[in-house]
Amino acid sequence: MRNKVRCLIIGSGPAGYTAAIYASRANLEPVLYEGMEPGGQLTTTTEVENFPGYPDGITGPELMEDMKKQAERFGTEVRSGRATAVDFSARPLKVTIDNEQVIEADAVIISTGATAKYLGLPDETKYAGQGVSACATCDGFFYRRKKVAVVGGGDTACEEASYLSGLADKVYLIVRKPYLRASQIMQDRVMNNSKIEILYEHNAVGLFGEKGVEGVHLVKRMGEPDEERYDIAVDGFFLAIGHKPNTDIFRDYVDLNEVGYIKTDSPYTKTNVEGVFACGDVADSIYRQAVTAAGTGCRAAMDAERYLSEKGL
Ligand code: NDP
């Protein structure tokens, strides 16, 4: 197995695989490490209906399998394993896999994605793919003319609630504090939307339903003397309590923004470290779509190819 490569790609979501397709077609002979969750966040969704080119939709796992095959067809070596440490202080760049093997690379493309935060309720796992989602744009369409709940009080929650109100008949916004944290414009948008009901000082503590989510167990003013417990009926339960970019192992070398996403030299995918590029959700807190991730994956491979040829590597 090669331990020295020209182009190493870390992560196997749409960004990583698209980078791999472009890098392998450019003869960079890339090696891609799949990471903890082969296929990335899309493997936790069911039907993907908004990825161009699939008029009848495709499941998340199938889409990722197709991308993987396409990358392998042009010579990408896909390996299982997780990057556990990096040393970007010297050339070649060094990436440790599974705490043991060190791979040397002339260019590294980081596409480790982000992880949606969940409340940690056992019911979120129980109903995964059966009414629980962390992406309204991905799954909202399945709740046309239904009732849904969104958890969170930040910009994402308000945006998801507004988006869902265009599809669902009723949207509950479950907010743990007595106020929203979102920007004023987003607050105004949800407050002036007759389909959205904001439940302040509420915590979701469980879900119920026979064949998928049918409702949420709520606690109002949890722990207070006037605490109240009741249920609401909903068909979908959306988490919007933030995402965590998977950047912990890079933070000693790569510049991150205040919430931990990798900073890139937009419109390029260059980071502050020469030869290190970032694409997909790890560098994008705004769009977070498979197609936008794929787009930046393409750019990262093109940037890496240019870098390598300029350096004669
Ligand atoms: P935020 O961290 O801003 O908000 C998270 C929300 O979830 C808060 O209301 C928080 O409550 C709540 N929350 C966190 N954990 C729990 C929990 N365990 N139980 C219940 N509620 C919980 O995350 P966002 O994803 O909303 O935003 C991230 C960044 O991206 C922000 O800077 C935001 O402004 C930006 N953004 C901007 C957009 C835009 O401008 N259009 C769109 C989307 C995001 P509490 O307030 O009590 O802590």
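A quick note: this is a predicted structure, and the numbers were derived from the prediction, not measured.

1. Here's the deal with the packing of helix 1 (residues 14-25) against helix 2 (residues 60-73)
- Running from amino to carboxyl end, helix 1 crosses helix 2 at an angle of 20°, the nearest separation of the two axes being 8 Å. On the basis of their axis angle, the class for helix 1 and helix 2 is roughly parallel. For the pair helix 1 and helix 2, the sense of crossing is left-handed. Across the interface between the two elements, Pro14, Tyr17, Thr18, Ala20, Ile21 and Ser24 of helix 1 pack against Met64, Met67, Lys68, Gln70 and Ala71 of helix 2.

2. Focus on unusual backbone geometry
- Arg91 connects to Pro92 through a cis peptide bond whose omega is -10°.
- As for its position among the elements, Pro92 is in the loop between strand 6 (83-87) and strand 7 (93-97).
- For the bond from Ser266 to Pro267, the omega torsion is 10°, close enough to zero to count as cis.
- Mapped onto the elements of the fold, Pro267 is located in the loop between strand 18 (243-245) and strand 19 (276-278).
- Positive phi, normally seen in glycine, also occurs at Asn99, with a value near 65°.
- The topology assignment puts Asn99 in the loop between strand 7 and strand 8 (101-110).
- A relative accessible area of 63% places Asn99 in the exposed class.
- In this structure, Glu201 takes a positive phi of about 55° despite not being glycine.
- Position of Glu201 among the secondary structure elements: in the loop between strand 13 (196-199) and strand 14 (202-208).

3. Quick notes on the side chain of Arg288
- As for its position among the elements, Arg288 is in the loop between strand 19 and helix 7 (290-311).
- Notably, Arg288 is buried but unbridged: the nearest opposite-charge side chain belongs to Asp281, and the N-O separation is 5.6 Å.
- A polar side-chain atom of Arg288 sits 3.0 Å from the main-chain carbonyl oxygen of Ser285.
- The contact partners of Arg288, leaving out residues within four places of it in the chain, are Thr156, His243, Tyr261 and Asp281.

4. Quick notes on the pattern of salt bridges
- A full pass over the atoms with the stated rule returns eleven salt bridges.
- For Glu77, the salt bridge is made with Arg79, and the minimal N-O distance between the two is 2.7 Å.
- For Asp248, the salt bridge identified is with Arg251, shortest N-O distance 3.7 Å.
- On the basis of relative accessibility, which here comes to 45%, the residue Asp248 falls in the partly exposed class.
- The network of salt bridges with shared partners includes Arg2, Glu77 and Arg79.

5. Digging into the sheet that holds strand 16 (residues 228-233)
- Here three strands make up an open sheet; going across it, the order is 14-15-16 and the pairing antiparallel. With partners counted over all chains shown, the strands left at the sheet margins are strand 14 and strand 16, one partner each. Neighbour-to-neighbour, the strand axes of the sheet open up by a mean angle of 25°, direction not taken into account.
- Sheet topology places strand 15 (residues 215-220) next to strand 16; six bridges connect them, and they run antiparallel. Bridge assignment links Val219 to a residue of strand 16, and that residue is Arg229.

6. Some details on the domain arrangement of the protein
- Assigned domains within the protein: domain 1 (4-115 + 244-311) and domain 2 (118-239).
- For domain 1 versus domain 2, the distance between C-alpha centres works out to 32 Å.
- At the interface, seven residues of domain 1 touch seven residues of domain 2.
- When the two sides are added together, the surface that domain 1 and domain 2 hide from each other amounts to roughly 590 Å², 45% of it contributed by carbon and sulfur.
- At the boundary of domain 1 with domain 2, the tally comes to zero salt bridges.
- Linking domain 1 with domain 2 are one residue pair in polar contact (both at pLDDT 80 or more).
- Looking at the side of domain 1 that touches domain 2 residue by residue, the class counts come to no nonpolar, four polar and three charged.

Parameters at a glance
- Residues numbered from 1 in each chain as written.
- Predicted model: local features only at pLDDT ≥ 70, side-chain atom pairs only at ≥ 80, totals over all residues.
- Heavy atoms only, no water.
- Axes fitted to C-alpha atoms, helices over the stretch in contact; angles between N-to-C directions.
- Helix = DSSP H or I, 4+ residues; strand = E, 2+ residues; numbered from the N terminus.
- Parallel < 35°, antiparallel > 145°, perpendicular 65-115°, else oblique.
- Left-handed = near helix turned anticlockwise from the far one by under 90°.
- Contact = heavy atoms within 4.5 Å.
- Buried < 20%, exposed > 50% of the residue type's maximum accessible area, 1.4 Å probe, protein only.
- Lys, Arg positive; Asp, Glu negative; His and termini not counted.
- Salt bridge = Lys/Arg side-chain N within 4 Å of Asp/Glu carboxyl O.
- Polar contact = N/O pair within 3.5 Å; in protein donor to acceptor, adjacent residues only side chain to side chain.
- Pairing = 2+ DSSP bridges.
- Domains from an automatic or database assignment.
- Buried area = accessible area lost by both parts, 1.4 Å probe.
- Nonpolar A, V, L, I, M, F, W, Y, C, P; charged D, E, K, R; others polar.

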